[in-house]
Amino acid sequence: MPNNRYGACRPVAADRKNALKDTFGRKIEYLRLSITDRCNLRCRYCMPEEGVESVGHGGILSYEDLLRIAAAATRLGVSKIRVTGGEPLVRKGIVGFVKELAALPGQPEITLTTNGLLLDQMAADLKQAGLSRVNVSLDTLREDRFEQITRRPGLQRVLDGIHRAAAVGLAPLKINMVPIREVNADEIADFGRLSLEHPWEIRFIEFMPVSGGLGYSAENRFSAQEIMTELESIGPLTPVERSGPAGPARLFRYRDSPGRVGVIPAISSHFCGECNRLRVTADGRIRPCLLCSDELDIREALRRNASDAELEELLRAAVVAKPRQHRVGEKDYKEGSRGMQKIGG
Ligand code: SAM
Ligand code: SF4
């Protein structure tokens, strides 16, 4: 049995028989793998200016370990794997890793979330390796603001990366924007307009108070309702029916637009009922819920060369530990110690 800590997020009952179906009937088929906690940006809502003390090579899971986890997950029915970080494109060997992930039995769909700085030079190789899509995080279309939010220059490089990714067929391309009050929320309409010109999905994510000590607090959150009001200032929106599995984004399109917009009400309304995912942090912890600090240690199992069956058992235990819903906003909710760059978003 894993030495996991069950705290406030503990589920009320556990059913170990249903592989990757949790206590609340949710089917878990999506794994997010964080492959590094390092990053070439310092976004104020994610990382402190000085960066974070990296857990170093010894503490980060090797690609071999990550592949063992991914293989165990696909044996249990996971069909989609997202590679994230930190910034995943700064880790050496990422293209080869993507290739091995894509070749796993069951051929899961491989996607990646990136800040886009290195995408221009890497998009073609990633596509060739078997990556199907990318989400690019971009919070402003203005160079001075880019530097203010990320504490680094580079807007044009990100834009070049986005266009290159779309050109090589990493589609449908998604852009993630986190609107922050009095910082970039006045650009929501400009981002929405991108969906009028390009077949991209522009997603607006409510700021989440995942860890303390960052540049913004809960008061800076721009709510899903406020985001919708800004988007509707361009024109009426029609809801889009999903063709694939439900995700957290509520999707809409403008009349005749090639792209669409999505709003992710991470905090203001629970989308937890549709949660279909598990996360693995770069230092080898399975995190059943993004917004609960409870974790299970899979690195320890990998270090003692645990069997495939043990790894599967750990993944099942993490699924059983998934809470019904997060508790952000409740009186006794406390921010965790890990920033988003440690969890992978
Ligand atoms: N470095 C990559 C990137 O920025 O896309 C991948 C990792 S990043 C932690 C993943 C996602 O988390 C990004 O889209 C980022 O905007 C989002 N994110 C980080 N901190 C956040 C916060 N406090 N609230 C909401 N989203 C956040
Ligand atoms: Fe780096 Fe992504 Fe966090 Fe920005 S959001 S600091 S790019 S990990």
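Rules of the game
- Chains are numbered independently. Their residues run from 1 in the order of the written sequence.
- Numbering of ligands from 1 and lettering of chains from A proceed in the order in which they are written.
- Under the rules for a predicted model, residues below a pLDDT of 70 receive no local features and side-chain atom pairs below 80 are neither given nor counted, while totals for whole chains, interfaces and linings still include all residues.
- No hydrogens and no water enter the side-chain calculation; it runs on all heavy atoms of the structure.
- Where helices and strands are cited, they refer to DSSP runs of H or I of at least four residues and of E of at least two residues respectively, numbered from the N terminus.
- To sort residues, take the accessible area from a 1.4 Å probe on protein chains only and compare it with the maximum for the residue type: under 20% means buried, over 50% means exposed, and anything in between is partly exposed.
- All accessible-area figures derive from a Shrake-Rupley calculation using a 1.4 Å probe, and residue coverage is judged against the displayed protein chains alone.
- Note on terminology: near, applied to a residue and a molecule or strand, indicates that one of the residue's heavy atoms is within 4 Å of it.
- In protein, a polar contact means a hydrogen-donor-capable atom and an acceptor-capable atom, both N or O and within 3.5 Å, with residues adjacent in sequence counting only if both atoms are side-chain atoms; elsewhere, any N or O pair within 3.5 Å suffices.
- Basically, the charged four are Asp, Glu, Lys and Arg, the nonpolar ten are Ala, Val, Leu, Ile, Met, Phe, Trp, Tyr, Cys and Pro, and anything else, Gly included, counts as polar.
- We call a set of buried Ala, Val, Leu, Ile, Met, Phe, Trp, Tyr and Cys residues a nonpolar core when their side-chain atoms join them within 4.5 Å.
- Any two residues having at least one pair of non-hydrogen atoms within 4.5 Å are treated as being in contact.
- Each pair of strands is called paired provided DSSP finds at least two bridges between the two strands.
- Orientation is described by axes fitted as lines to C-alpha atoms, over the contacting stretch for helices, and by angles from 0 to 180 degrees between their N-to-C directions.
- Between Lys or Arg on one side and Asp or Glu on the other, a salt bridge is scored when a side-chain nitrogen of the former is within 4 Å of a carboxyl oxygen of the latter.
- For this classification, under 35 degrees means roughly parallel, over 145 means roughly antiparallel, 65 to 115 means roughly perpendicular, and everything else is oblique.
- Crossing handedness follows the turn of the near helix against the far one: under a right angle anticlockwise gives a left-handed crossing, and clockwise gives a right-handed one.

Here we look at the overall build of the protein chain
Regarding its fold elements, the protein chain presents 11 helices and 12 strands. Each of the 345 residues in the protein chain was classed as buried or not, and the buried ones make up 57%. Total accessible area computed for the protein chain in this model is approximately 15100 Å², and 48% of it derives from carbon and sulfur atoms.

Some details on the site of ligand 1
Around ligand 1 lies a shell of 18 residues, among which Tyr-45, Gly-86, Thr-113, Ser-137 and Met-208 are the nearest. Separating an oxygen atom of ligand 1 from a side-chain N or O atom of Tyr-45 is a distance of 3.0 Å. In the model, a nitrogen atom of ligand 1 is placed 3.2 Å from a nitrogen or oxygen of the Glu-87 side chain. Protein chains shield 94% of the accessible area of ligand 1, which is 540 Å² for the free molecule. A breakdown of the residues in the shell around ligand 1 according to their chemical character gives six nonpolar, 10 polar and two charged.

Thoughts on the nonpolar core
Ranked by internal contacts, the top residues of the largest apolar core, which has 102 residues, are Ile-94 and Leu-101. The element contributing the most residues to this core is helix H2 (residues 63–75), with eight residues. When sequence neighbours within four positions are dropped, the list of residues in contact with Leu-101 reads Leu-33, Leu-67, Ala-70, Ile-81, Val-83, Pro-108 and Ile-110.

Examining the environment of Arg-164
By the secondary structure assignment, Arg-164 is in helix H6 (residues 155–168). Look at Arg-164 and you get partly exposed, because its relative accessible area is 39%. C-alpha separation for the pair Arg-164 and Met-122, spaced 42 residues apart in sequence, amounts to 9.1 Å. In contact with Arg-164, not counting residues within four places along its chain, are Leu-119, Asp-120 and Ala-123. Separated by 2.8 Å, the side chains of Arg-164 and Asp-120 make a polar contact.

Some points on the environment of Ile-205
Along the chain, Ile-205 falls in strand S6 (residues 201–205). Classification of Ile-205 as buried rests on a relative accessible area of 13%. Sequence-wise, Ile-205 and Ile-264 are 59 residues apart; in three dimensions their C-alpha atoms are separated by 4.8 Å.

Points about the sheet that holds strand S5 (residues 174–177)
The strand order across the open sheet formed by 12 strands is S7-S8-S9-S6-S5-S4-S3-S2-S1-S10-S11-S12, and the pairing between neighbours is mixed. The sheet is open, and its two borders are formed by strand S7 (237–239) and strand S12 (296–297), each paired with just one other strand. Two strands pair when backbone bridges link them, and S6 and strand S9 (residues 260–264) are joined in this way by five bridges, in the parallel orientation. Bridge assignment links Phe-204 to a residue of S9, and that residue is Val-263. Packing against the sheet, helix H7 (residues 188–197) makes contact with S5, S6, strand S8 (250–254) and S9, and its axis sits at approximately 155° to S6.

Considering unusual backbone geometry
A cis amide bond, omega 0°, links Ala-171 with the succeeding residue Pro-172. For Gln-107, which is not glycine, the phi dihedral falls at a positive 40°. One non-glycine residue with positive phi stands out, namely Asp-256, at about 65°. If you trace the backbone, Asp-256 turns up in the loop between S8 and S9.

Points about the pattern of salt bridges
Within this structure, the stated rule accounts for 20 salt bridges. Taking the shortest distance from any N to any O, the salt bridge between Glu-187 and Arg-142 comes out at 3.9 Å. Of the two residues, Glu-187 is situated in the loop between S5 and H7 and Arg-142 in the loop between strand S4 (133–137) and helix H5 (143–150); the sequence distance between them amounts to 45 residues. Taking the relative accessible area as the measure of exposure, Glu-187 reaches 0% and is therefore buried.

Describing the packing of H7 against helix H8 (residues 224–232)
Axis separation between H7 and H8 bottoms out at 8 Å; the angle between their running directions is 60°. As far as their axial angle goes, H8 and H7 are oblique. Here H7 runs over H8; the crossing is right-handed. Each of Ile-188, Ala-189 and Gly-192 in H7 lies in contact with H8, whose residues at this interface are Ile-227, Glu-230 and Leu-231. Partitioning the contact of H7 with H8 into residue classes produces four nonpolar, one polar and one charged.

Remarks on the environment of Ile-298
Mapped onto the elements of the fold, Ile-298 is located in the loop between S12 and helix H9 (299–303). The class of Ile-298 is buried, set by a relative accessible area of 0%. C-alpha of Ile-298 to C-alpha of Thr-281: the two residues are 17 residues apart in sequence and 9.7 Å apart in space. Dropping the residues within four chain positions of it, Ile-298 is found in contact with Ile-69, Gly-284, Ile-286, Leu-311 and Leu-314.

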